[in-house]
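Residue-level structural notes
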Amino acid sequence: MAPDTVSLRYFLVLAQELNFTRAAARIGIAQPALSARMRRLEAELDTALLVRNTRSVVLTTAGAALAESAPPALAALDRAWDTARSAAAGELGTLRIGYSLSTGAETAPALVDRLIRGRGLEVSAVPMATPEISPAVADGRIDAGITRGEQPGRGVRRFLLRRMRVGVQLAQHHPLAEHPEIEIADAAAYPLRLPDRAANPVIHDQLSALFRDTRPHPRFHTPAVSFDMSQRDLRNGVALAPAGEAAATAQPAGLTWRPLRGAPSLTIHLVLPREQSPLHHRIRAVAKTLAHELHWLPD
C-alpha cells in the first residue's frame, strides 16, 4: 500500500531543511509529531529514509531517490484531484448546445464564448430548427438549447435569459428609418416579412400579434428561405422585417433597425433538461452571470 500523501509531503520539507526543528516549524506541527510521521513512513516503505543524529539529518540512498521522484508524482496526483473536482463542478466535459438561428447573431455566441473560457470544457454549438430544440434537450441529443419565445416541450426546464425590445429591420433609405422609434400602425402599412409559421409557430404568432389591432390588416409574407441572406426585399425598401434588438448589432450593409413604440418585449430562453447534472448547473450559473453583466434582464 502506498504511504499517505501527508507524510510524503512532510518528508519533502524535511529533505529540504535537513533539520527536524526547522521542518516542523515550517510545516506548523510539533517536532515529536514530525518524528513520529517519519518513522511511520519508513515502516510503510520498509526502508530507512533518514540517518539521524543529535546535530543533523542525512538522506539515505532511498531517501534521496524518494526526494527526487516524489514531487512530480504528487503534482500528478494534485492534477487528478483537481480534475475530479472540476468534473464534479461541471467544468469538464463536452457540451452540446443547439440554438435557433434568430439567437445566433449575438446571444448564443456570447454564451458559448463565456462557457469555453474555463479550462477543460469543450463546446459544440449548432443551429437547429426552433421546434426541434426542446425535444432534443429532453432526450439527450443536446445538453442545452437557446430559443426565442416560450417554446413548447416536455421534460425540460426553461430559464429566461434575455428580454429584447421589438423593432423592424428596414432599408437605411426607407422613409421610416428617419424616426428613432416607429409606430406599429406605420410599420403595418408596409409588407411585413415573418418567419415561416411551420418552422417557428411561436415567434410567427408573437410577431404577427403585434399588428392584430391595426387597420387595415398588414400583409405578411415569408421568404422562400427561412433566412434569406440577400434580404433583397428589405434592401429595396419594399418590406420591413419585425426583429428583436439583437438585429441592430449585426446589420447587413444597407439595413438598419428601429424599435416599435409600445411593443412588448421578445424573450430568449435557456433550455435545460428537467433532471440536471453538474454540467447543467454550470451552464445555468454562467448564463445567469452573463445575463446580469450584459444587462439582458431587468434588475
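It should be noted that the structure appears before, not after, this text.
The model shown is predicted, which means the values in this text are computed figures rather than measured ones.

Here's the deal with the overall build of the protein
- Counting its regular elements, the protein contains 10 helices and 12 strands.
- When the backbone C-alpha atoms are referred to their principal axes, the protein occupies close to 105 × 40 × 35 Å.
- The buried share of the protein, reckoned over its 299 residues, is 41%.
- Pairs at least 24 residues apart make up 72% of the contacts formed inside the protein by residues separated by at least 6 positions.
- In the structure as shown, the protein presents an accessible area of about 15,900 Å², 54% of it carried by carbon and sulfur atoms.
- The protein carries 35 positive and 29 negative side-chain charges, and their two centres are separated by 3 Å.

Focus on helix 10 (residues 278-293)
- If you check helix 10, its first and last C-alpha atoms are 23 Å apart, about what 16 residues at 1.5 Å a residue would give, namely 22 Å.
- Among all positions of helix 10, only L279, H280, I283, V286, A287, L290 and A291 are buried. One side of helix 10 holds all its buried residues, which, seen down the axis, span an arc of 135 degrees. Helix 10 presents K288 and H292 as exposed residues on the side facing more than 90 degrees away from its buried surface.
- The positive-phi residue at the C-terminal boundary of helix 10 is H295, with phi of around 60 degrees.

Thoughts on the environment of P298
- With respect to the secondary-structure elements, P298 resides in the segment after helix 10.
- Since its relative accessible area comes to 60%, P298 is described here as exposed.
- For the pair P298 and L255, spaced 43 residues apart in sequence, the C-alpha to C-alpha distance is 28 Å.

Looking at the pattern of salt bridges
- Summed over all chains, the structure comprises 12 salt bridges.
- In this structure, the salt-bridge partner of E183 is R261, at a minimum N-O distance of 2.6 Å. Of the two residues, E183 is situated in the loop between strand 7 (166-171) and helix 7 (184-187) and R261 in the loop between strand 11 (255-259) and strand 12 (266-273); the sequence distance between them amounts to 78 residues.
- On the accessibility criterion, R261 (41% relative accessible area) is partly exposed.
- The structure contains a network of salt bridges with shared partners spanning E17, R22 and R26.

Examining the nonpolar core
- Counting 24 residues, the largest nonpolar core has L95, I97, L111, L115, I146, L161 and L270 as the members making the most contacts within it.
- Within the residue set of this core, elements represented by two or more residues are strand 3 (93-99), helix 5 (107-116), strand 5 (144-148), strand 6 (156-164), strand 12 and helix 10.
- If you tally residues by element for this core, the top one is helix 10, at 6 residues.

Regarding helix 5
- The complete set of buried residues in helix 5 reads T107, A108, L111, V112, R114 and L115. Here the buried residues of helix 5 occupy an arc of 165 degrees about the axis, which is enough to place them on one side.

Section: the sheet that holds strand 10 (residues 241-244)
- Taken together, 3 strands build an open sheet; the order of strands is 10-7-11 and the sheet is antiparallel. What marks the edges here is a single partner per strand, and that holds for strand 10 and strand 11. Each strand axis lies, on average, 40 degrees off the axis of its neighbour in the sheet, ignoring direction.
- Where strand 7 meets strand 11, 5 bridges bridge the pair, whose relative direction is antiparallel. Its bridge partner being in strand 11, A171 is matched across the sheet by L255.

Regarding the side chain of T267
- Its location among the elements puts T267 in strand 12.
- At 3.1 Å, the side chain of T267 forms a polar contact with the side chain of H269.

Structural notes on the environment of Q276
- Here Q276 shows up in the loop between strand 12 and helix 10.
- You can call Q276 buried: its relative accessible area is 19%.
- The spatial distance from the C-alpha of Q276 to the C-alpha of L41 is 44 Å, given a sequence separation of 235 residues.
- Contacts of Q276, omitting those with residues within four sequence positions, involve R157, F159 and H281.
- Here the side chain of Q276 touches P273 through a polar contact of 3.2 Å, landing on its backbone oxygen.

Quick word on the packing of helix 5 against helix 10
- Taken N-terminus to C-terminus, the directions of helix 5 and helix 10 make an angle of 120 degrees; their axes are 10 Å apart at the nearest point. On the basis of their axis angle, the class for helix 5 and helix 10 is oblique. Helix 5 and helix 10 meet at a crossing whose hand is right-handed. Each of A110, L111, R114 and L115 in helix 5 lies in contact with helix 10, whose residues at this interface are I283, V286, A287, T289, L290 and E293.

Rules used in this analysis
Residues numbered from 1 in each chain as written. Predicted model: local features only at pLDDT ≥ 70, side-chain atom pairs only at ≥ 80, totals over all residues. Heavy atoms only, no water. Helix = DSSP H or I, 4+ residues; strand = E, 2+ residues; numbered from the N terminus. Buried < 20%, exposed > 50% of the residue type's maximum accessible area, 1.4 Å probe, protein only. Contact = heavy atoms within 4.5 Å. Areas by Shrake-Rupley, 256 points an atom, 1.4 Å probe, with all protein chains shown as cover. Lys, Arg positive; Asp, Glu negative; His and termini not counted. Charge placed at Lys NZ, Arg CZ, Asp CG, Glu CD. Expected span 1.5 Å × (residues − 1). Arc of directions from axis to C-beta. Salt bridge = Lys/Arg side-chain N within 4 Å of Asp/Glu carboxyl O. Core = buried A, V, L, I, M, F, W, Y, C linked by side-chain atoms within 4.5 Å. Pairing = 2+ DSSP bridges. Axes fitted to C-alpha atoms, helices over the stretch in contact; angles between N-to-C directions. Polar contact = N/O pair within 3.5 Å; in protein donor to acceptor, adjacent residues only side chain to side chain. Parallel < 35°, antiparallel > 145°, perpendicular 65-115°, else oblique. Left-handed = near helix turned anticlockwise from the far one by under 90°.

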